[in-house]
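Coordinate inspection notes
Below are the chains, spelled out letter by letter.
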Amino acid sequence: MTSGRIRLISFIIIAYMITCLAWWTVLLLQKNDSIYLYQDAISSNAIIDLPEESVFLAKYQRQKYMIIGEGIVFALSLIIGIWIINKAVQDEFKIAQLKNNFLVSITHELKTPIASIKMILETLLNKPNLEESKRLQIESNALNETNRLESMVNKLLLSAKIEDQYQYNFEEVHLKYFLSFIIYNYPLQKGRRQVTIDCPAEIKAEVDQETFKSVIQNLLENAIKYSSLDDDIMVKVSLDNNNIVLECIDEGKGIADTEKTEVLKKFYRIGNEEFRSTEGSGLGLFIVNEIIKSHHGKLTILDNKPKGTIIRIHIPMSQKNVV
């Protein structure tokens, strides 16, 4: 439940309770006036025109049930209101904790490559006569750290853009060539098996190339992060009626059922924050899910048997026919 919807429901419940209180106030004032008139008439021995006993009893029963019913509804409204407010407060605390974890992790993620690049540059400056092989290795490490820093900054910028009315530009692409170019240029870990592609050459899709490239890169990053060097990774594409089904399949640690929806939330990361050893910011799958929704698609997370994860994406072949 979004914070906006929680606020709307809370406003409706509060307005209803205020209306109930106002109505009960009017009702009690009317009862108080009636009691006063009867008491005044009795004390002065005045003759008052009382309704028939059956009418009087029916009115009494009707008002009795009305008060009981309104009391029950009021109590239920109060309980539901307290529950919604309590849930909203808990959600706010949870979001605050996620943001705090994000700040801690992103600070580390940004400082680490900067420190590494600084140390590499100092080494190159202080040792001008370094052996060629060592120099090439150090320069390669500096390039890797620079790519890592660039990837993190791009992810932060893209996360901000897709939440701020990003203008998507859908173009038709041959998926096999599009995927091949991205995967071929993706910096794989040293010693890792190649990522394989299973995509018919004739499949075309209308996508925003900039953001859809980020989708593939984030899926690859997650698959690599949570699998070993010997685990296979495959990007598979097939057709399902007028939809394109894209799957990123790995043989890594997998994702628990309880976390399959949580990982799509902003800043959420798998595992205990205090004992986590993997890098990341908690933005990857959030970005992927937001982009896929903007492509009028759907993302689901499945288990890969016997181990690993399948990230399955459905998107329409053409965005022109989607309302």
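Residues numbered from 1 in each chain as written. Predicted model: local features only at pLDDT ≥ 70, side-chain atom pairs only at ≥ 80, totals over all residues. Heavy atoms only, no water.

What follows concerns the overall build of the protein. Within the protein, the regular secondary structure consists of six helices and seven strands. In the protein, the order of α-helices and β-strands from amino to carboxyl end is α-α-α-β-α-β-β-α-β-β-α-β-β. The buried share of the protein, taken over its 323 residues, is 35%. In the protein, once contacts between residues fewer than 6 apart in sequence are set aside, the share between residues at least 24 apart is 72%. Surface summary for the protein: the accessible area is close to 20900 Å², and the carbon and sulfur share equals 59%. (Helix = DSSP H or I, 4+ residues; strand = E, 2+ residues; numbered from the N terminus. Buried < 20%, exposed > 50% of the residue type's maximum accessible area, 1.4 Å probe, protein only. Contact = heavy atoms within 4.5 Å. Areas by Shrake-Rupley, 256 points an atom, 1.4 Å probe, with all protein chains shown as cover.)

Before going further, it helps to examine the side chain of His295. Here His295 lies in the loop between helix H6 (284–294) and strand E6 (298–303). Among all residues touching His295, those that are not within four sequence positions of it are Tyr168, Phe170, Glu206, Val207, Asp208, Thr211, Phe212, Ile315, Pro316 and Gln319.

Next up on the list: the pattern of salt bridges. As enumerated under the stated definition, the model contains seven salt bridges in all. When the shortest N-O distance is used, the salt bridge between Lys225 and Glu221 registers 3.7 Å. Of the two residues, Lys225 and Glu221 both sit in helix H5 (residues 209–225), four residues apart, roughly one turn of that helix. A salt bridge links Glu247 to Arg312; its shortest N-O distance comes to 2.5 Å. Placement of Glu247 in strand E5 (residues 243–250) and of Arg312 in strand E7 (residues 309–316) is noted, with a sequence separation of 65 residues between them. Judged by relative accessible area, which is 10%, Glu247 ranks as buried. If you follow the salt bridges from partner to partner, you end up with Asp257, Lys260 and Asp303 in one network. (Salt bridge = Lys/Arg side-chain N within 4 Å of Asp/Glu carboxyl O.)

Moving on: the environment of Gly308. Residue position: Gly308 is located in the loop between E6 and E7. For Gly308, a relative accessible area of 6% puts it in the buried group. In this view, Gly308 contacts Asp250, Glu251, Gly252, Gly254, Leu302 and Asp303; residues no more than four positions away in its chain are not counted.

As paired elements, strand E2 (residues 196–198) and strand E4 (residues 233–240) share three bridges and run parallel to each other. Looking at the pairing, Asp198 lines up with Lys236 of E4. A loop of two residues connects E4 with E5, the two strands running antiparallel in sequence, and Asn241 in this loop sits at a positive phi of about 55°. (Pairing = 2+ DSSP bridges.)

Read from one edge of the open sheet, five strands run E2-E4-E5-E7-E6, paired in mixed fashion. Of all strands in the sheet, those with a lone pairing partner are E2 and E6, marking the two edges. Averaged over all pairs of adjacent strands, the angle between their axes in this sheet comes to 15°, without regard to strand direction. Of the strands in this sheet, E2, E4 and E5 are in contact with helix H4 (residues 175–184), which crosses E4 at around 165°. Taken strand by strand, H5 contacts E4, E5 and E7, and its axis lies near 25° from that of E5. (Axes fitted to C-alpha atoms, helices over the stretch in contact; angles between N-to-C directions.)

So, on to the nonpolar core. Counting residues in each nonpolar core, the largest one holds 46 residues, and the members touching the most others are Leu175, Phe212, Val215, Leu219, Leu246 and Ile313. Per-element accounting of this core gives the leading share, seven residues, to H5. Not counting residues within four places of it along the chain, the set of residues in contact with Phe212 comprises Leu175, Phe178, Val207, Leu246, Ile292, His295 and Ile315. (Core = buried A, V, L, I, M, F, W, Y, C linked by side-chain atoms within 4.5 Å.)

Side chains three or four residues apart in an α-helix point the same way, a direct result of the helix having 3.6 residues per turn. Buried within H4 are the following residues: Leu175, Phe178, Leu179, Ile182 and Ile183. Buried residues along H4 cover an arc of 120° about the axis, so they all sit on one side. Relative to its buried face, H4 has exposed residues pointing more than 90 degrees away, namely Tyr177, Phe181 and Tyr184. Of the surrounding secondary structure, the elements contacted by the buried residues of H4 are strand E1 (170–174), E2, strand E3 (204–208), H5, E4 and E5. (Arc of directions from axis to C-beta.)

The subject of this paragraph is the packing of aromatic side chains. The description of two aromatic rings rests on the distance between their centres and on the angle between their planes. A full pass over the atoms with the stated rule returns two aromatic pairs. Seen in terms of ring centroids, Tyr168 and Phe170 are 6.0 Å apart; in terms of plane orientation they differ by 15°. Their pairing is stacked. Centre to centre, the rings of Phe178 and Phe212 are 6.2 Å apart; their planes meet at 40°, and the pair counts as tilted. Of this pair, Phe178 sits in helix H4 while Phe212 sits in helix H5, and the two are 34 residues apart along the sequence. (Phe/Tyr/Trp six-rings, centres within 6.5 Å; stacked < 30°, edge-to-face > 60°.)

Remember that the coordinates give geometry; whether it matters functionally is a separate question.
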